[in-house]
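Chain residues, written in single-letter form:
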Amino acid sequence: MTLFERSEAIFEDENVLHDDYQPESLEERDEELEQYTAYLQPVINGSQPRNIFLYGKTGVGKTAVTKYLLRHLEEDAKQYDDLTVTTVYLNCEDLTSSYRVAVELVNTFREPSEQISRTGYPLNAVYEKLWAELDQIGGMVLIVLDEVDYIGDDDSILYQLPRARSNEKIEHARIGIIGISNDFKYREKLDPRVEDTLCERELHFPPYDANELQNILEKRAALAFKDGILEGDVVPLCAAFAAQDKGSARQGLDLLLEAGDLARRRNDPVVTEDHVREAKQLLEKQRIEESMKELTSHGHLTLLAVVTATVVDPSQIPFQKQQLYEQYQDLAVATNRDPLGGRAFHNHLAELSMLGILDRTKRNEGRGGGIYYEYEIDVPIDAALSTLEHLHMSDELDMESLRQNAENQGLL
Ligand SMILES: Nc1ncnc2c1ncn2[C@@H]1O[C@H](COP(=O)(O)OP(=O)(O)OP(=O)(O)O)[C@@H](O)[C@H]1O
Ligand SMILES: [Mg+2]
């Protein structure tokens, strides 16, 4: 019996929709590309590279544009005999200290047989090795630190690297740093000396609007899907959904991929608007499940309190903390837990808002009324319910009636 068989009715090449695919051309970023290219121009001129700081929300092309430009920069530099350009790309997600980054850099430059271990050297010794490697390579060395905020407070490398030459640690190489981050607060947290050097030149990538996303997605879809497989409104709908949410191209691409995958699994002949709508729900559910894994049981109960309040009386949306707190206390008691105090409960509401599961609005009642927050659920009730139904604690609760009530209220 054949268990696996190639299914090729829908996709020409689905890899084109994956995050690590490098597009040949980039859409809708002409201005940013022009600016970025100008910032990199000194490298081709053989003069000191600028340090560049790139920021913008998730999925707006920061990594894609950077890799695209570095590829061209290395290629175009080859026409000049007196110029050597080396580019290094590091994602700092797993490199949470200057030490880890420095070791990783040394190892990037070394042969596999000469790698150094991740522990055991004093930081200064690792820096010495790094300077030696950089001097040996010589020429222009551009180091990209993507998701640079992960390095955290222990960020001496961001100070040391750009100054290595002026501090006479290296002689033959000129270093440029490109830092990338989607954490808008990161810059403010930097030591002013680090900020001055790292953010010598700055670039901001704004979110994409629906038209821009449509253009980006169309180019990808043409390569990813077989001809005539996408019904006309599929790409515009993916673009519209992604634009409504965060304006992220990744989100639009994920929707297209998931919609295509649904059609493939069901042996449907074409991808339709319905597939996109269903894909959206599936992805949302996954996202909530992912972020909910991080929550404690009181976090889960807090979300359940908001869902319950919503189902009991949707006309009350949005809710103030006190209404939700009472709901939460009842649920805690019903599941044999000691309810948290009001302040700790407030922190859970704040965390759920930060995760994008709740929407929190600040109200200012002016004199005497004071400032307070109102909350409402910011994900489909259905997705929140299905995630909560899978938790252990739901055995002790009547989730079935809750779902039934939600349905009666027209919330599903
Ligand atoms: N202008 C564009 N043209 C073509 N494809 C794009 C464009 N912008 C983004 N993409 C694609 O969208 C996806 C996400 O882009 P990218 O990884 O560059 O986002 P990012 O800004 O680095 O996000 P994060 O902050 O989450 O790392 C990638 O598959 C990328 O190829
Ligand atoms: Mg990125």
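Residues numbered from 1 in each chain as written. Chains lettered and ligands numbered in written order. Predicted model: local features only at pLDDT ≥ 70, side-chain atom pairs only at ≥ 80, totals over all residues. Heavy atoms only, no water.

- The name an unreviewed UniProt entry assigns to the chain is ORC1-type DNA replication protein, from the organism Natronorubrum aibiense.
- Its UniProt record gives the chain a comment under Sequence similarities (unreviewed entry), which states: "Belongs to the CDC6/cdc18 family."
- As recorded by UniProt, the Function (unreviewed entry) comment attached to the chain reads in full: "Involved in regulation of DNA replication." (UniProt positions renumbered as here; feature names shortened; annotations may be inferred.)

Some remarks on the UniProt feature "domain: AAA+ ATPase" (unreviewed entry) in the chain
Here is step 1: In the numbering used here, UniProt assigns the "domain: AAA+ ATPase" (unreviewed entry) feature to residues 48–209.
Here is step 2: Along residues 48–209 one finds 38% helix and 21% strand; the C-alpha atoms at either end are 36 Å apart. (Helix = DSSP H or I, 4+ residues; strand = E, 2+ residues; numbered from the N terminus.)

Thoughts on the pattern of salt bridges
Here is step 1: In this structure the tally under the stated criterion is 20 salt bridges.
Here is step 2: For the salt bridge of D261 with R264, the shortest nitrogen-to-oxygen distance reads 2.6 Å. Here D261 pairs with R264, and both are found in helix α10 (residues 249–265), just 3 residues apart, close to one helical turn. (Salt bridge = Lys/Arg side-chain N within 4 Å of Asp/Glu carboxyl O.)

Some points on helix α8 (residues 210–224)
Here is step 1: Taking 1.5 Å per residue as the helical rise, α8 with its 15 residues ought to reach 21 Å, and the 20 Å between its terminal C-alpha atoms agrees with that figure.
Here is step 2: Taken together, the buried positions of α8 are L213, I216, L217, R220, A221 and A224.
Here is step 3: Next to the buried residues of α8 lie α9 (234–245) and α10.
Here is step 4: Among the residues of α8, the N-terminal cap falls to D209, whose side-chain oxygen and the backbone nitrogen of N211 are separated by 3.1 Å. (Expected span 1.5 Å × (residues − 1). Buried < 20%, exposed > 50% of the residue type's maximum accessible area, 1.4 Å probe, protein only. Contact = heavy atoms within 4.5 Å. Polar contact = N/O pair within 3.5 Å; in protein donor to acceptor, adjacent residues only side chain to side chain.)

Examining the packing of aromatic side chains
Here is step 1: Going through the model one piece at a time under the given rule, you end up with 8 aromatic pairs.
Here is step 2: A centroid spacing of 5.1 Å and a plane angle of 45° characterise the contact between Y325 and F345, whose relative ring orientation is tilted. Linking Y325 in helix α13 (residues 321–334) with F345 in helix α14 (residues 342–354), this pair joins segments that are 20 residues apart in sequence. Across this residue pair, the class does not change: Y325 and F345 are buried.
Here is step 3: In textbook terms, an aromatic cluster arises when at least three aromatic residues are bridged by ring pairs, as seen for F53, Y55, F184 and Y186. (Phe/Tyr/Trp six-rings, centres within 6.5 Å; stacked < 30°, edge-to-face > 60°.)

Things to note about the sheet that holds strand β7 (residues 358–364)
Here is step 1: One open sheet holds the 3 strands; their spatial order is β6-β8-β7, and the pairing between them is antiparallel. Both outer strands of the open sheet, β6 (319–320) and β7, are each paired with one neighbouring strand and no more.
Here is step 2: Two strands pair when backbone bridges link them, and β7 and strand β8 (residues 371–377) are joined in this way by 7 bridges, in the antiparallel orientation. Residue pairing for β8: T361 is matched across the bridge by E374. (Pairing = 2+ DSSP bridges.)

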